[in-house]
Amino acid sequence: MKGDLMQRNPVDQRRPDAPRQWGADRRSAPHPLVPAPISEGRIARGRLAIVLTITVWACYLIGTVIQQFIAGRASTARLAIEAIVYMIVVTGLAASATAYLITRIGYFYRTRAHHRAPRIVLDNFLQGTTPSVTVIVPSYQEDERVIRTTLLSAALQEYPGLRVVLLIDDPQQPRTRAARDLLLAARALPGALEAELSVPYGRVQAAYERFEEALAERDERAATTEDMRDLAAEYRFAAGWLIGLGRRQDMVDHTDVFFVEHILNALAEDLGTIAEALGSGADEEAALPVERLTQLYRRLLAIFDASVTSFERKRYVSLSSEANKAMNLNSYIGLMGGGYQEVSTPLGVALVPAGPGQAELVVPDPDYVLTLDADSVLLPEYCLRLVHLMEQGAHERDAVAQTPYSAFPGSATRIERMSGATTDIQHIVHQGMTHYDATFWVGANAVLRKKALDDIREVAYEGDWEISRYIQDRTVIEDTESTIDLGVHGWTLYNYPERMAYSATPPDFGSLCIQRQRWANGGLLILSRLKDQFRARTARGKKNRFGELFLRVNYMASIFWSSVCLVVMLAYPFNADLLNPILLLVSVPYFLMMSADLKACGYKRLDVLRVYGFNLILLPVNLSGSFASILQLLTGEKSAFKRTPKVRNRTTAATTYLIAPLALIALCAWTAVRDVQLHQWDNLVFAGLNLVLATYAMVAFVGVGNTVVDLVTHLRNWLYRPVQPKRSRGTGKQPTPATHSEGRAMAATGAIGDWASVLHYRSDKGSSGLVAVRSAQAPVGSRSRRGPQDPQPRSNSFEEFTFFTVFQPIFELRSGTVVGYEALTRFADGTRPERGLAAAQAQGVHIDLDAALIRAALASANALPEDTWLAVNVSGDLLRRPRELEPLLAESARPLILEISDAEGADLDNLPAGVRIAVDDAGAGYDTLARMESLKPGFLKLGRASLAGVEAEGARRASIRSLVEFAGEHNCTVIAEGIESAQQRDALVECGVPLGQGFYLGRPVPVERALADAASR
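Residues numbered from 1 in each chain as written. Predicted model: local features only at pLDDT ≥ 70, side-chain atom pairs only at ≥ 80, totals over all residues. Heavy atoms only, no water.

## What to know about the overall build of the protein
Here is step 1: Secondary structure assignment for the protein yields 34 helices and 24 strands.
Here is step 2: Counting over 1017 residues, the protein shows a buried share of 53%. (Helix = DSSP H or I, 4+ residues; strand = E, 2+ residues; numbered from the N terminus. Buried < 20%, exposed > 50% of the residue type's maximum accessible area, 1.4 Å probe, protein only.)

Structure representation (structure tokens):
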């Protein structure tokens, strides 16, 4: 076991089987925890860049004033205004560049002065009484894998007694099946993780108790070499358990690789090294002191000593329902230190304070609160090092300690790589701001002193309920305003100068726009609050420094002024006399220093040009966020909180964010042509550079195809909207229920349902939109005459079933070619398809609904690739009604397969010629073989349960191999459904299974997405 741990090779770790773009991130290792010492030469170049930028800016301003106003070249009011505006623009851009250059110097100073606490100091800290810590992870409709990774990185912190709480903010009544599945998975995850962690913790706890008992029985409290060997065995077990945990991790993208290789395996390697050292010491008969063995036991216990639970504020009417992360955090923080019981009220369930012994929910009041976003991970020593820091006397007034997050290495797309580059540069900026006491709270991760949070608590009321606010939600950058609140109350903030936190970057342009628009929204609103902080500091007898004020103002407002200044320079044809080659020297130091920083962070020096182009196409996004702040300032209405999507599929970008960059490119092209005509060569350089870089950014980071698809999608949605059926005016009459024969006639003519809501139902393109099907036999008015009935899952609009069709590809496993698609139904309210059909059956309309599902699937499938066949699910009741079924099947323009599960041989006698049958959800036992002989289907679908363990169990593979051979003898093709890993696929290929489908191969998606996926293969 020891050799296995010491020789573990990270390269052998499984990597996600996902395509990588040209220009993706080639980094594989994380940043060093502590940056290498900065050389004197680099610091000197940084100082020179600041001096050069300020000097050139001042010379340009003085020269322009002399030239335009003293020499009189600004002879008209228009020329004078142009000169003033241009000097303001240059000043704004120079200020932002100078702020960056100053902060990086502060980062250099802090890096050189940082001394990392040695491990023995941390072990001594763990030996005493440690402050209590609660980790809270706000989550809104996150993928289970993402939450699991975040919770594990929090629970495996080397800190004893952690309480990890997942704050689930999903809607309590999901409207879609996917949303419901996410909610159920989030609810189940904490209990599963706690049970998983209890295994190593229980073992190490038992070993520690045996060690203490052995010491108590000895005449002298001294350790032996056997004690060291026992402890070494526990460390080896813990290391092996962590490696096993990594092997069970779903490897989907680079974030999973990072978590396994650089958190789980790195921690396992560290524990394995300690095990080796303990074993070697025991072999040399060198016994460690009891105190040191106790420290090592406690460290091992601290890794697994965590409770994991969840909380949902939306269950209770007594807590805020504001749709933002700040109030999700506030709701739980406000409960800390109390006991509560649930009380039913006319408006819902409320949490009220409970008397002694009556509490149903007890929320401890910790010394520290660690906040962690659900898409971030922490290195194992994060909590220990930051809490140890805040317990030192020099940091007793620190309210927040954090390590500004870095980007995961190894991203698969160009836009993720470039977004990650800007994130890693921002880490430098935030670290440097701490040198000037200008730290801002960056909310992705932070350790918060609970006492400081109590100091800034504000109380408001929603109805009769008291609502506590610790983190302000007036703006969508809530952590920035809370920084001001803490400063007003005399608290400070601290950026720990190490890279110990990593967070995901948006995977596509659409989600990036949502994130960056939110970042740009709010800074202007709280800019005026800086005066409160500086007045409070003056009242405490402390001086205010200009450097802090300058950096804080730049942090909150530079996105606005830089974007406006750059747009003005690009859009307005200024007087040629204002252009001066000396202006290049204002920006050149900034770009040279940033290129050096990018190189130091593992990127390329030329990436500085890509970053510039990247920011050019984000100009409309930044301006949108800034103008939203101004609008809120004028109207007082809070901007809507938009969460950054964390999805594997691409997010559609807003029309404005696509058209505006294209307009910018066109403007730069027009300006370049005009500069050539007017021989304005200085301005031509600027316009040409912006033209090239903006065009490159649109092609590389957005994509020509994605841009066209998104614009066409927006145009289609604008031109074609679902027609809402008009409500008939009340006449006092109840509609006459349709007879059963009428229902059958409707099915035959294809008039089932309210097809006015079907988008392009008869078009060749198909539709994946919502389809609303109204019951023809159970009108709205007739329900009131019946007695009490069980509630049925229904749509929330005029007694309709509202659904849409998705398509899951079926692959030839050996070649990876898509040969067909299975049409699946999703109800808009999240109801399972079988429950929706059961609800329809209870009302006597299940045949009509089943026919409508098939008709909608056939209409949407018209757009699928022509060389593929379509599989649709058919209920036994509809199968036994050939008069209703045959007209439906005639509408198909492609080979059709009917998937059945409860049919008999006689039900298939009257099917049209050419229609093939697939027996659905079959197993690999005798019943399946007998059913195959009696029904003679063309296909047999091997269910998910039959695939469980196929990659590891030889008996299961032998059973499937026999089934495939038997099926071949009866002209039947086996399709394996539910394939969820590459190992399952490879095992099935080995068994001779020709076709397969499953989430690993392709998820059920709307027809537009299915077409895009087919085009990309």
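## Thoughts on the pairing of strand β2 (residues 162–168)
Here is step 1: Of all seven residues in β2, seven are buried, a share of seventy percent or more.
Here is step 2: Looking at chain direction, strand β1 (residues 133–139) and β2 are connected through six bridges and run parallel. Bridge pairing in β2 places Ser-139 opposite Ile-168.
Here is step 3: As for the winding sense of the linkage, the β-α-β connection from β1 through helix α5 (residues 144–155) to β2 is right-handed.
Here is step 4: With six bridges joining them, β2 and strand β3 (residues 306–311) adopt parallel strand pairing. Residue pairing in the sheet places Val-164 in a bridge with Val-308 of β3. (Pairing = 2+ DSSP bridges. Right-handed = clockwise from strand over helix to strand, strands pointing away.)

## Structural notes on the sheet that holds β2
Here is step 1: Taken in spatial order, the seven strands line up as β3-β2-β1-β7-β11-β9-β14 in an open sheet, and their pairing is mixed. Looking at strand neighbours, the two that pair on one side only are β3 and β14 (492–495), the edges of this open sheet. Neighbour to neighbour, the strand axes of the sheet diverge by 20° on average, direction disregarded.
Here is step 2: Here five bridges tie strand β7 (residues 368–372) to strand β11 (residues 445–449), and the two strands are oriented antiparallel to one another. By the bridge assignment for β11, Tyr-368 is matched with Arg-449.
Here is step 3: Where helix α6 (residues 177–217) meets the sheet, it contacts β2 and β3, and its direction lies at approximately 165° from that of β3. (Axes fitted to C-alpha atoms, helices over the stretch in contact; angles between N-to-C directions. Contact = heavy atoms within 4.5 Å.)

## Section: the nonpolar core
Here is step 1: Residues Leu-151, Tyr-235, Leu-242, Leu-271, Leu-278, Phe-304 and Leu-370 are the most contacted members of the largest nonpolar core, which totals 88 residues.
Here is step 2: The biggest single contributor to this core is helix α8 (residues 254–283), with 13 residues.
Here is step 3: Beyond its immediate chain neighbours, meaning those up to four positions away, Phe-304 contacts Leu-156, Leu-197, Pro-200, Tyr-201, Ala-238, Trp-241 and Leu-242.
Here is step 4: Among the nonpolar cores identified, the runner-up in size contains 61 residues, and Phe-550, Ile-617, Leu-618 and Ala-653 belong to it. (Core = buried A, V, L, I, M, F, W, Y, C linked by side-chain atoms within 4.5 Å.)

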